[in-house]
Amino acid sequence: MAIQSARGAPGTAAGRRPLTLGGRTKRILGRDWPAAYLFILPLVLLLFGLIGYPLFYALRLSFYNVLGVRNMGFVGLGNYQRLWADSSFREAVLHTVQFAVISVFIKYWVGLSAALLLHRLKRFRAVLTALVLLPWIIPEVVAALIWRGLYNTTYGGLNQTAQALGLLQPGQAIDWLGNYNLALPAMIVVNVWKGIPFFTIILLAGLKSIDATLYDAAAVDGANGWQRFLNITLPGLRYVTIVACLLSLIFTLNAFGLIYLITGGGPGGATRIFSILAYELAFGQNRPSLGIAVTMALVPVLIVMILILGRYMRGEANRSSGGDDGRLAQFAERIHWSLIWPFALAAIGLLLRAFAGLHITLVAMLLAPLAILALRYVIDGIERLFSALGGMLTRSITAGQARREGPLRRVTKWIGGIGASVALGALVIFELYPFYFMIITAFKQEAQVRTGRSIFWPQPFTLEHFNHMLTQTLFPRWFLNSLQVAIVSCVLSVLIGALGAYALTRLKWRGAGFMSTMILFVYLMPSIMVVIPLYRIFTSLGQINKLSALMIAYPSFGLPFACWLLMGYYRSIPEELEEAAMIDGANHFQAFFRIILPLTLPALMTVGLFAITGAFNEFVIANIMINSENLRTLPVGLSTIIIGDIFPFGQLSAAAIMTAIPVTILYMFAQRFMVEGLTAGSVKG
């Protein structure tokens with residue numbers, strides 16, 4: 001017995017002590033779980049309390065028939081069946097697909113061209129980049145006011161410019177927003193104008209991350225510019241392209257503010273997309289359950305795109321962390337896929353049932369998985385075909401150039417440089433044209449605006465519109481309200497996002513991969529779907545008509561982006577710095593605040609800029625939550641100046657200038673930090 005006691009209990013190794021409670025807990029939850037939970041707690045409370053819970057609340061509400069504040073009882077899938085049988089909903093589906101696909105296609109190729117042109121510049125790159133970025137950084141309400149003025153049939157700058165250039169006869173005008181066939185293309189132009197800078201800055205950051213020695217080596221081997229583009233640039237931008245296109249597609253599908261402020265979904269429903277229809281049903285007709293059902297119909301498509309996007313945005317992070325987190329994330333994805341198929345098949349079934357017979361519907365639902373699999377092989381085949389054609393074209397160009405070396409090559413290079421300058425100039429003119437008309441209209445007298453006299457220049461200059469907005473309206477109060485909300489939102493987004501991203505990237509704890517996936521899901525769900533239950537929640541908490549509601553809600557929608565950007569940036573910081581601090585006796589909080597946080601200034605600046613821009617852009621939440629005129633934010637306040645068809649061009653142009661100037665100055669000073677933050681953060685897999 002003595003010998004047995006000395007050697008330890010049966011089944012234990014000699015000399016090994018049994019695990020303590022803390023040791024067993026760390027073995028189950030991860031080595032750094034206590035610190036990780038403290039770091040991630042503010043993010044979880046804010047994000048899942050104000051977005052996650054409302055999402056589940058919205059899903060539940062879609063299975064009931066709710067009229068105003070009265071719940072008429074459980075109806076199951078009745079709301080969804082009613083929608084698919086409604087011609088206005090099917091029309092909204094078609095308009096949403098057209099709007100999103102065409103816009104993203106144009107934005108990508110124009111944005112890629114702009115990024116390539118800016119990347120090759122040696123001088124004036126910073127100035128031209130700032131000019132190209134202007135449409136993206138200005139508040140959404142400013143963009144809406146600019147384009148609504150440009151598209152005006154009688155006094156709009158677009159028709160006046162066309163008349164001055166001889167494209168239209170004097171007195172002839174095009175009704176851009178009143179014509180059913182022209183309204184949606186007009187809104188696509190606005191979305192492209194506003195979205196090109198997003199692709200430009202993301203792809204420009206991606207170009208900066210490509211090793212320049214690859215181009216030098218290819219040039220030494222005799223590769224021309226086209227070959228370097230095909231074999232170095234495009235493969236180097238593969239990750240950035242996928243992420244940017246998927247993000248832009250999701251954002252475009254969820255678009256609301258620009259269309260609502262410019263057309264309101266008209267004329268005759270020509271620009272009524274998913275979000276507009278949901279808003280009309282929920283707040284115009286007081287049928288929130290039916291409005292939520294509209295947004296839920298889009299969820300299966302968004303989930304598929306989010307899964308693909310999450311796989312690319314995580315890159316090798318989960319696999320490099322190894323073990324439990326990777327398996328947990330994979331398990332979560334399998335769960336998501338198992339949930340997607342029933343919703344997807346149900347959506348396909350309801351759609352076909354509305355257009356076809358029952359037998360065709362059943363056959364189509366059974367063959368849907370095979371059709372999707374076949375589509376994948378078709379896309380792969382098209383990609384191989386284009387690669388083969390590109391190779392043939394490259395070989396033919398190379399063979400032709402081998403016979404035409406010397407002066408002809410220099411002339412070709414010179415012509416190419418002129419062409420690039422002309423293309424960049426055309427892009428800058430397209431991006432700045434609306435701003436030019438906004439500026440000159442702000443300094444024109446009202447009589448000059450109405451008569452169309454001296455279209456391209458104020459005669460005489462006047463400050464009456466600025467004086468009116470500053471003294472006769474509540475513009476200063478609206479600006480201060482937006483500024484307060486923007487500052488608080490910025491501080492919360494930066495602080496909570498930095499803490500949460502650190503826990504997800506640098507600390508070892510079970511569930512980090514799953515949490516990262518969930519954050520992406522929460523971020524990319526339609527905001528209009530969350531707004532409906534969020535309004536009910538804030539009403540029950542007594543926070544309606546208070547700026548504090550916006551200060552809490554705005555960071556919730558910006559935190560996921562902040563986390564993903566900072567996660568990418570944290571991965572670029574060597575872990576040896578923290579390890580050295582820990583050896584010297586620092587804990588995780590000291591290592592974070594003293595070592596890591598000072599090194600993330602570019603990424604923190606980028607997050608802050610996005611938070612401020614988002615606070616100045618946001619319209620729908622402020623429009624629903626705030627009723628008092630004194631508490632309105634700028635987007636809501638400026639929208640109230642437009643009464644019916646009465647559009648005070650000069651006053652709104654002056655307001656747009658005063659709104660855009662502070663944000664523009666901020667971006668101009670912080671542009672370098674933003675590009676650096678995106679380069680080291682979001683564009684790295």
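Predicted model, so just to flag it, every value in this text is computed and none were measured.

On to the overall build of the chain. When helices and strands are counted, the chain shows 32 helices and two strands. Burial status across the chain gives 49% buried among its 685 residues. Look at the contacts in the chain between residues 6 or more apart in sequence, and 78% of them connect residues 24 or more apart. In the form shown here, the chain has an accessible surface area of approximately 32,500 Å², with 67% of it arising from carbon and sulfur atoms.

Another point: the pairing of strand β1 (residues 64-67). Relative to strand β2 (residues 70-74), β1 is paired through three bridges, and the arrangement is antiparallel. Its bridge partner lying in β2, Leu-67 is registered against Arg-70. The turn joining β1 and β2, which pair antiparallel and follow one another in sequence, is formed by two residues; a positive phi near 65° is taken by Gly-68.

Of all hydrophobic cores here, the largest spans 192 residues; its most connected members are Phe-89, Leu-550, Tyr-570 and Leu-638. For this core, the element with the most residues is helix α26 (residues 547-571), which contributes 16 residues. Setting aside residues up to four positions removed in sequence, Phe-89 forms contacts with Leu-83, Trp-84, Phe-274, Leu-277, Val-294 and Ala-297.

Let us look at helix α7 (residues 140-150). Of all eleven residues in α7, nine are buried, a share of seventy percent or more. Of all the positions in α7, only Val-141, Val-142, Ala-143, Ala-144, Leu-145, Ile-146, Trp-147, Gly-149 and Leu-150 are classed as buried.

This part takes up empty space enclosed by the protein. Within the structure shown, the criterion is met by three cavities of 30 Å³ or more. Quantified by volume, the second largest cavity comes out at close to 230 Å³. Lining the second largest cavity are 22 residues; nearest its centre among them are Gly-149, Phe-437, Thr-441, Phe-649 and Ser-653. Grouping the amino acids of the lining of the second largest cavity by side-chain chemistry returns 13 nonpolar, eight polar and one charged.

Here helix α6 (residues 125-137) crosses helix α9 (residues 180-208) at 140°, and the two axes come no closer than 6 Å. When the axes of α6 and α9 are compared, the pair comes out oblique. When the axes of α6 and α9 are compared, the crossing they make is left-handed. Residues Arg-125, Thr-129, Val-132, Leu-133, Pro-135 and Trp-136 of α6 pack against Trp-193, Lys-194, Pro-197, Phe-198, Thr-200, Ile-201, Leu-204 and Lys-208 of α9.

Below, the discussion takes up the pattern of salt bridges. In this structure the tally under the stated criterion is two salt bridges. The residue Glu-578 makes a salt bridge to Arg-506 at a minimum N-O spacing of 2.4 Å. Highlighted residues: Glu-578 in helix α27 (residues 576-583) and Arg-506 in helix α23 (residues 475-506), separated in sequence by 72 residues. Classification of Arg-506 as buried rests on a relative accessible area of 10%.

Here the amide bond leading from Gly-266 into Pro-267 is cis, since omega sits at -5°, within 30 degrees of zero. Along the polypeptide, Pro-267 turns up in the loop between α13 (257-262) and α14 (274-284). Each neighbour pair has its own omega, and for Gln-459 with Pro-460 the value is -5°, a cis peptide bond. Along the chain, Pro-460 turns up in the loop between α21 (446-451) and α22 (464-471).

Before going further, it helps to examine the side chain of Ser-103. Mapped onto the elements of the fold, Ser-103 is located in helix α5 (residues 87-119). We classify Ser-103 as buried; its relative accessible area is 0%. Look past the residues within four positions of Ser-103 in its chain and what remains in contact with it is Gln-98, Ile-188, Asn-191, Val-192 and Thr-252.

The next thing to look at is the environment of Leu-29. The topology assignment puts Leu-29 in helix α2 (residues 21-29). Of the residues examined, Leu-29 reaches a relative accessible area of 26% and is grouped as partly exposed. The sequence separation of Leu-29 and Trp-509 amounts to 480 residues, and the corresponding C-alpha distance is 5.7 Å. Once residues within four sequence positions are removed from consideration, Leu-29 is found in contact with Tyr-37, Trp-509 and Arg-510.

Let's shift gears to a nonpolar patch on the surface. On the surface, a cluster of nonpolar side chains totalling about 370 Å² of accessible area is made up of Leu-38, Leu-495, Phe-589 and Phe-593. Tracing the chain through its elements places Leu-38 in helix α3 (residues 33-61). Using a relative accessible area of 53% as the deciding quantity, one classes Leu-38 as exposed.

This part covers the packing of α14 against helix α15 (residues 288-296). Geometry of a packed helix pair, given as the angle between the helix axes and the separation of the axes. At their nearest, the axes of α14 and α15 sit 7 Å apart, and the two run at 170° to each other. Put simply, α14 runs roughly antiparallel to α15. Contact with α14, carried on its side by Phe-274, Leu-277, Ala-278, Leu-281 and Ala-282, involves Pro-288, Leu-290, Gly-291, Val-294 and Thr-295 of α15 and no other residues of that element. For the contact of α14 with α15, the residue count by class is eight nonpolar, two polar and no charged.

Moving on, we get to the side chain of Glu-578. Residue class for Glu-578 comes out buried when judged on its relative accessible area of 9%. Each residue touching Glu-578, except ones within four places of it in the same chain, is listed here: Tyr-502, Arg-506 and Ile-596.

Once that is clear, we can look at the confidence of the model for the chain. The predicted model of the chain averages 76 in pLDDT, with 77% of residues at 70 or higher. Across the chain, the element-wise mean pLDDT spans from 42 in helix α17 (residues 317-321) up to 90 in α22. Low pLDDT, under 50, characterises residues 1-15; the stretch is placed with two contacts to residues that sit more than four places away or in other chains. This model gives residues 350-365 a pLDDT under 50, and the stretch forms 16 contacts once residues within four places in sequence are excluded.

Another point: the packing of aromatic side chains. Under the definition given, this model contains 34 aromatic pairs. Judged by centre distance (5.0 Å) and plane angle (55°), the ring pair of Tyr-502 and Phe-592 falls under tilted. In this pair, Tyr-502 sits in helix α23 while Phe-592 sits in helix α28 (residues 588-599), placing the two residues 90 residues apart along the sequence. Here Tyr-502 falls in the buried class, since its relative accessible area comes to 0%. The class of Phe-592 is buried, set by a relative accessible area of 1%. Ring geometry for Phe-592 versus Phe-593: centroids 4.9 Å apart, planes at 80°, classification edge-to-face. Following the ring pairs from residue to residue traces out a cluster consisting of Phe-39, Tyr-502, Tyr-570, Phe-589, Phe-592 and Phe-593.

Conventions we followed
- Here the residue numbering is sequential within each chain, running from 1 through the sequence in written order.
- Restriction of local features to residues with pLDDT of at least 70 applies here, the model being predicted, together with a cutoff of 80 or more for giving and counting side-chain atom pairs; totals for whole chains, interfaces and linings are based on all residues.
- Values shown for side chains rest on all heavy atoms present in the structure; no hydrogens or waters enter the calculation.
- What counts as a helix is a DSSP run of H or I of at least four residues, what counts as a strand is a run of E of at least two, and both are numbered from the N terminus.
- When a residue's accessible area, from a 1.4 Å probe over protein chains only, is under 20% of the maximum for its type it is buried; when over 50% it is exposed; and in between it is partly exposed.
- Residue contacts are counted whenever heavy atoms from the two residues lie within 4.5 Å of one another.
- Methods summary: accessible areas were calculated by the Shrake-Rupley approach with a probe of 1.4 Å, and residue burial reflects only the protein chains presented.
- Here, strands pair whenever DSSP counts at least two bridges between them.
- Take the buried residues of types Ala, Val, Leu, Ile, Met, Phe, Trp, Tyr and Cys, join any two whose side-chain atoms come within 4.5 Å, and each joined set is a nonpolar core.
- Every definition here rests on a 1 Å grid over the protein atoms only: cavities are sets of points where a 1.4 Å probe fits but cannot get out, pockets are open sets enclosed by protein on both sides within 12 Å along at least five of seven lines, and lining residues have some atom within 4 Å of a point.
- Grid points are joined across faces, edges and corners, and a volume is the space filled by probe spheres set on the points.
- For this classification, Asp, Glu, Lys and Arg are treated as charged, while Ala, Val, Leu, Ile, Met, Phe, Trp, Tyr, Cys and Pro are nonpolar and the rest, including Gly, are polar.
- Angles here are taken between N-to-C directions and fall from 0 to 180 degrees, while the axes themselves are lines fitted to C-alpha atoms, restricted in helices to the stretch in contact.
- In what follows, roughly perpendicular refers to angles from 65 to 115 degrees, roughly parallel to angles under 35, roughly antiparallel to angles over 145, and oblique to any angle outside these ranges.
- Two helices that cross are described as forming a left-handed crossing if the nearer one is turned anticlockwise from the farther one by less than a right angle, and a right-handed crossing if clockwise.
- Salt bridge, as used here, is a side-chain nitrogen of Lys or Arg placed within 4 Å of a carboxyl oxygen of Asp or Glu.
- Only residues whose relative accessible area exceeds 30% and that form no salt bridge are eligible for patches; like-charged ones are grouped when within 9 Å, while nonpolar side chains (Val, Leu, Ile, Met, Phe, Trp, Tyr) are grouped when within 5 Å.
- pLDDT expresses, on a scale from 0 to 100, how confident the predictor is about each individual residue.
- Only Phe, Tyr and Trp rings are paired, with Trp represented by its six-membered ring, and only when their centres lie within 6.5 Å; those with planes under 30 degrees apart are stacked, over 60 edge-to-face, the remainder tilted.

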